[in-house]
Every structure is written in structure tokens, then in C-alpha cells.
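Observations on the three-dimensional arrangement
If you want the building blocks of each chain, they are given just below.
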Amino acid sequence: MHRTYLSSSIFHHFDSLKKLQLSPTHLLVFSRTLTVETTDAPDGDYDHLYADIPKPAKSKSERKPYPTPMKVLVQRAKQEREARKLQPCKLLEEPPDNGLLLPELVGVAHQVYRARELILLGLSKLVNVVPVLRCSHCFEVHIGQVGHEIRTCTGPKSGLRNATHVWRKGRIHDVIYFPKCYHLFDRVGKPRVLHNESRKVKQLPAIVELCIQAGLNLENHPTKRRTLPVYSIEGRIVDFESETNLVAIEDTTNDSRLDLSLTKGLTSKELSILTLDSWFEMISGVQKIMERYGVHTCGYCPEVQVGPKGHKVRNCRASKHQSRNGMHAWQEATVFDLVGPNYVWHVADVSGPPLSNDLKRFYGKAPAVVELCVQAGAPVPGEYRSMMRLDVVPPCRDELDLVT
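So, a few notes on the structure that sits alongside this text. This one's a predicted model, so the numbers in the text were calculated from it and none came from an experiment. (Residues numbered from 1 in each chain as written. Predicted model: local features only at pLDDT ≥ 70, side-chain atom pairs only at ≥ 80, totals over all residues. Heavy atoms only, no water.)

1. A few points about the overall build of the protein chain
Across its full length, the protein chain carries 9 helices and 15 strands. Going through the 404 residues of the protein chain one by one, you find that 40% of them count as buried. Taking all contacts inside the protein chain whose residues are at least 6 apart in sequence as the whole, residues at least 24 apart take part in 72%. For the protein chain, the exposed area adds up to about 24800 Å²; of that, 53% sits on carbon and sulfur atoms. (Helix = DSSP H or I, 4+ residues; strand = E, 2+ residues; numbered from the N terminus. Buried < 20%, exposed > 50% of the residue type's maximum accessible area, 1.4 Å probe, protein only. Contact = heavy atoms within 4.5 Å. Areas by Shrake-Rupley, 256 points an atom, 1.4 Å probe, with all protein chains shown as cover.)

Below you can see the structure in the form of C-alpha cells.
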């Protein structure tokens, strides 16, 4: 680390030393502190690949952190308000705000949808090779033959069991889950679902809805495809297009249908590698789409809505929902709000003893999909090596007192 000392005011206050001898309290008002700035070393000592599991909220009433700082959001709102005053009626030119598609993201949407289907297909076969365990009283998941002994259960009557888990057989949805959201037929003209319309509007996985809005066409979920941009009149969207066009994009290169023959005849190791590659392809594709298409999540519950605004359905039951009359506190969503990674403890030795509660600070974690694929034979990805703490050797139980 290189240290830079900012001491420009030291040479300008020699006279203050004389005043300090006469009046020690006089200098305390005008004194300046010596500031030390630390900068990263250019030799690359800092490990940019270091990543740790996200820390859980201290309490259920704590709000999720904002991906974008609040100061930036306030500045954007002020700029939009001033621009609206200068030009009340304007033609929206930037897609997807104007209702048009981004051609460069249509192929990405098809890739994300295929990767999701391939992950579900691969997991349906890998769960028969590597056991998946789920606690009967809480949402804890473990990948391995024997459940761990770490006492982290928060389910009902966990105090009587000393917070130990009661394991049962798990399913695919315990490994990875995709929260659902309401399907929007017109994401620009009618971006919100009202409370009275909640039973009439279909729900589907939010990641699928994101792909639909980015250009994917599904038969059971029609959506409006515009050919002309919309206008914004004092912040309200006005569509002058006379006909409602349901344009079906016919592109054979971006066919979203999954070829089931890809997984036939593959060994468990090859299937785990294919599933893990699909996981990274899906995550990277969702990040690209979310940079342009808006996705919102509730700040207190897992509710997600894909679109420029959140819905108005009053179904929030999280903290402080009484003061909001059941409305959600919408904010910007992240990738893992659409894809639940479900972090699990990493088992370094599958044939060894179960994970001990006394040694839990030496164990690492990883998303359940990554842990399942690694135990099935896939190599450990470099993005999760530090999170899984592969460089840490846990001591034996009789050596625990000797470790500081």
C-alpha cells in the first residue's frame, strides 16, 4: 500500500505553536488534522476475485441496500423533472423506454431462456446422482450424503432442538428458485398491475418475463410489439400507433427451443460441466439485459416485478407493511433477486465426517447449483474459490483449542 500524507497546512501554522503555549484551548478551534490517504498498490497485490457470501440482514425490519446510491437517484429525478418542464411533449427516442426492442439484446434473451431450461434439465438428472437435503423446519439446504451438524435452524421450536436441523430429501426447487412476477402485455402503455387485476393477470418466473420483454416470444404469453416509438406528454405515455401489433419475431438463429439430445449419453461429470456453464451464461445474460430493462423488487420482501414500475397489488406482509397499506416499497433489483442462488455450505471432503458446528468459521459457502455441480465432477470455478475457502485447512476437533 502506498501512503500519501496531506500536510500542506503544517508549514503555515508555526505561529499557532506560540499561541498554544500561551492559550492551549485557542488552537483547538482552528486546528487541522493530519490526513492519510491509502491507495492500492500498482503491483496487483489486491485480489480482485475475492468474494464472500452476502451478509444477511441484522433484523427482518432492515431494508435491502440500494444498488444505486440514493443521492444518484435524487439527482436523476431532479434532472428528469427539469427536462420535463423545458419540454413537456417529446418523442422518446431511446429504446426500450419508447416501446421498441433493442436488437442487440434479442439474441441475449433467447440465450438466457435456453440456459435456464438447460439448467433445470441438468439439475433434474444431477439430483439423482448427488443427494440434496432440505431441513423440515426452515429453508436450509445441504448438498451431500449426510446433513451437516451446524446449528443454524430458525424454524419453529428450534430452541428445543438446540437449533439443529432435521433433514429430509430435497428437490430441484430447493437448489435454485425463480421468483414469479406478473406478466405485462404492454410494458410501456400499461406498466402497472392494479390490485383488482391481480387474479386476472398471469404470473410466470421473473427471468422469463424479462426475456419476453427483451424480445422472446412465447405462445401462451403474448405481448405487444410496437413499430413506432411513443410520446411522453408531461410524464405520461401517449401512443399514436393506430393498430395493436403482435409481431412474432421469426429468427431461426435465435430459436429458444431446447434440444433435448444435448444431454443424452453424457456422464455425470460432463453434465455437471454443461450445467455449470449454463449457469454462468444465464447470470451474465441477465446482467446485460438488466442494464437496459428495468426490474424492481420490494425493499422488505422477495417480491419482484419486471418493468419500468412496480405493481400496485397490496400483498406485502413484511415489516412495516401496515404503514404502507400492504403496498410494496419498490426499489432497483439485482441479478440475484431474479435468480435465487441459495447459498449452502461447501463440503471439501464428500466421504469425510459431517461438517461440525465448532468448525463453522473455517467452512466456506457457494450457490447450491455450483456446489452440486462441483460434487458431481465439475471443476471449481475461479469466481467462487475464495467464497468456498479452498485455501483454508480446517483443524481437527481436538486441535480447535490450539487455533487462534
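2. Topic: the pattern of salt bridges
Summed over the entire model, instances satisfying the criterion amount to 4 salt bridges. Of the charged contacts, one joins arginine 116 and glutamate 117 as a salt bridge, the two residues approaching to 2.9 Å between their closest N and O atoms. Judged by its relative accessible area of 24%, glutamate 117 is partly exposed. Note that glutamate 197 and lysine 190 form a salt bridge whose closest N and O atoms lie 2.9 Å from each other. Note on glutamate 197: relative accessible area 22%, which makes it partly exposed. (Salt bridge = Lys/Arg side-chain N within 4 Å of Asp/Glu carboxyl O.)

3. Observations concerning unusual backbone geometry
Each neighbour pair has its own omega, and for proline 95 with proline 96 the value is 5 degrees, a cis peptide bond. Relative to the helices and strands, proline 96 resides in the loop between strand 3 (89-91) and helix 4 (103-126). Of note, the phi angle at lysine 157 is positive, near 60 degrees, even though the residue is not glycine. Following the sequence through the fold, lysine 157 ends up in the loop between strand 5 (141-143) and strand 6 (167-169). Backbone geometry at arginine 389 places phi at a positive 55 degrees, although glycine is not the residue there. Within the secondary structure layout, arginine 389 lies in the segment after helix 9 (368-375).

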